[in-house]
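Per-entry structural report
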Number of protein chains: 2
Amino acid sequence: MEADIFLRENNIKVTKARIYIYMLLSKSPNALTAEDIYNRSRGENIDINLSTVYRTLEVFEKNNIVEKFNIGENSHLYSLVKEKHSHILKCSLCNKEIKVPCPMKQIEELVKNQTGFTLTEHKLVLKGICSECSEKIAKSNKNDKDNKNC
Amino acid sequence: MEADIFLRENNIKVTKARIYIYMLLSKSPNALTAEDIYNRSRGENIDINLSTVYRTLEVFEKNNIVEKFNIGENSHLYSLVKEKHSHILKCSLCNKEIKVPCPMKQIEELVKNQTGFTLTEHKLVLKGICSECSEKIAKSNKNDKDNKNC
DNA sequence: CTGCGTGCAAATGCTTTGCATATGT
DNA sequence: ACATATGCAAAGCATTTGCACGCAG
């Protein structure tokens, strides 16, 4: 029942919709769709309008309370933000390094949806070619343009 | 210019829309949206209706010629299928193993969109807990239900 | 009491579908 | 000739928005 305190700490006005949605997400082991949240609210005596659900999730997202994943076609899942981390991407050609926010959250949800597996750890090593190097290659490739489907 | 042969080989009726879309995808270094394809077709003298684009992509997808990724909000990208591989998911508890189709394609597109990096290689190690084990845990956790936010 | 949150209904954006016509084999 | 592909316009679905009202601070 400390949802209101949590909201207040985040300078978010406390309303029944926000309390309910925050509580629901914190209790739920899975990420939920907006529709899920809407339906569950109707199940209990708290009727929250679908647009309110979206607006609340948007507020939470902007306050880094909730994160949103795209799953399959046009469905999105929402869950409370867990720890965040990044990965280093190192260009194989020029060795430049850049950071990307870990894309695995997306994968975790995807895999969970497909297989029921709850991913707890991952190790991700990415190698690639940065945009500048790609362009250089593209130019020098204008000569030997017979590497289709290689 | 061998698009028609390719289509015929796949038992797909050859039409200008299909040839055009197949060629466009095979020439494009990036995955494209349906809209992209539509717009480019208008640029040249080949007018292809947007619904035809979608229908064609659907046919290609069903024939494993094209794959579809979800990127960001409600946008999807399409590209020719490249090699496919899987990863092993091993449950940390019961050691059961299952295969998942490599989810990195999705990531590759995402990263490319965000950073311009073209990923060429990845190493992905996943650890997790399978659904059965999750359930067992859930049950035995009913006792010590004070691990919120841990 | 004042502004922000909410419900409602209408609008949006991407995608899909029904139907009549055009095209490939 | 016949089945399938296409264009067009209308429907669908998840999400967003405008507006009037209601509630939190």
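Residues numbered from 1 in each chain as written. Chains lettered and ligands numbered in written order. Predicted model: local features only at pLDDT ≥ 70, side-chain atom pairs only at ≥ 80, totals over all residues. Heavy atoms only, no water.

1. Some remarks on the UniProt feature "binding site: Zn(2+)" (unreviewed entry) in chain A
Definition in use: UniProt positions are given in the numbering used here, feature names are shortened, and annotations may be inferred rather than shown by experiment. The way it works is that DSSP assigns letters per residue, a run of H or I at least four long becomes a helix, a run of E at least two long becomes a strand, and they are numbered from the N terminus. Using a 1.4 Å probe on the protein chains alone, a residue whose accessible area is under 20% of its type maximum counts as buried, one over 50% counts as exposed, and one in between counts as partly exposed. Throughout, a contact is declared for two residues whenever any of their heavy atoms are within 4.5 Å.
UniProt's feature table lists "binding site: Zn(2+)" (unreviewed entry) at Cys91, Cys94, Cys130 and Cys133 of chain A, given in the numbering used throughout. Separation in sequence by 43 residues is not matched in space for these annotated residues, since their most distant C-alpha atoms are only 8.4 Å apart. Mapped onto the elements, cysteine 130 of chain A comes out in the loop between strand E5 (118–129) and helix H6 (131–140). Judged by relative accessible area, cysteine 130 of chain A falls into the buried class, the value being 2%. Excluding residues within four positions of it along the chain, cysteine 130 of chain A makes contact with Cys91, Cys94 and Lys96 of chain A together with Gly116 and Phe117 of chain B. On the secondary structure map, cysteine 133 of chain A appears in helix H6.

2. Some remarks on the UniProt feature "binding site: Fe cation" (unreviewed entry) in chain A
UniProt tags His122 of chain A as "binding site: Fe cation" (unreviewed entry). Here histidine 122 of chain A lies in strand E5.

3. Let's talk about unusual backbone geometry
Peptide bonds are mostly trans, and most non-glycine residues show a negative phi. Not every positive phi belongs to a glycine, and asparagine 11 of chain A is a case in point at roughly 55°. Inspection of the secondary structure assignment puts asparagine 11 of chain A in the loop between helix H1 (3–9) and helix H2 (16–27).

4. Concerning the interface of chain A and chain B
Selection criterion: By definition, a salt bridge exists where a carboxyl oxygen of Asp or Glu is found within 4 Å of a side-chain nitrogen of Lys or Arg. Contacts described as polar in this section are N or O atom pairs within 3.5 Å, which, within protein, must combine one atom able to donate a hydrogen with one able to accept it, while residues neighboring in sequence count only if both atoms come from side chains.
The interface is formed by 38 residues belonging to chain A together with 38 residues belonging to chain B. At the junction of chain A with chain B, the criterion picks out 0 salt bridges. Counting the contacts that link chain A with chain B gives 0 residue pairs in polar contact (both at pLDDT 80 or more). Counting only elements with at least two residues in the side of chain A that touches chain B, the list comes to strand E1 (66–71), strand E3 (86–91), strand E4 (97–101), helix H5 (104–115), E5 and H6 of chain A.

5. Here's the deal with helix H4 (residues 50–62) of chain B
All names here are of chain B. Basically, it comes down to this: Expected span of a helix: the number of residues minus one, times 1.5 Å. Note that the arc is defined by the directions from the helix axis to the C-beta atoms.
Compared with an ideal rise of 1.5 Å per residue, which puts 13 residues at 18 Å, H4 spans 18 Å between its outermost C-alpha atoms and is within 8% of the ideal. Buried residues of H4: Val53, Thr56, Leu57 and Phe60, and no others. The buried residues of H4 occupy one face: seen down the axis, they fall within an arc of 100°. Exposed positions of H4 whose direction lies more than 90 degrees from the buried face are Arg55 and Lys62. Buried residues along H4 sit against helix H1 (3–9), helix H2 (16–27), helix H3 (34–43), strand E1 (66–71) and strand E2 (75–80). Immediately beyond the C-terminal end of H4, within one or two residues, lies asparagine 64, with a positive phi of roughly 60°.

6. Considering the protein's contact with DNA strand D
The following threshold applies: Nearness is judged by heavy atoms alone; a residue qualifies as near a molecule or strand once a single heavy atom is within 4 Å of it. In the scheme used here, Gly and all other residues not listed as nonpolar or charged are polar, with Ala, Val, Leu, Ile, Met, Phe, Trp, Tyr, Cys and Pro taken as nonpolar and Asp, Glu, Lys and Arg as charged.
Neighbouring DNA strand D are 20 residues, the closest being Tyr54 of chain A together with Thr15, Asn49, Thr52 and Arg55 of chain B. Taken together, the sugar and phosphate atoms account for 73% of what DNA strand D places within 4 Å of the protein. In the model, a phosphate oxygen of DNA strand D is placed 2.3 Å from a nitrogen or oxygen of the threonine 52 of chain B side chain. Residue assignment for the surface near DNA strand D shows that the elements contributing at least two residues are helix H4 (50–62) of chain A together with H2 and H4 of chain B. Partitioned by chemical class, the residues of the surface near DNA strand D number 5 nonpolar, 8 polar and 7 charged.

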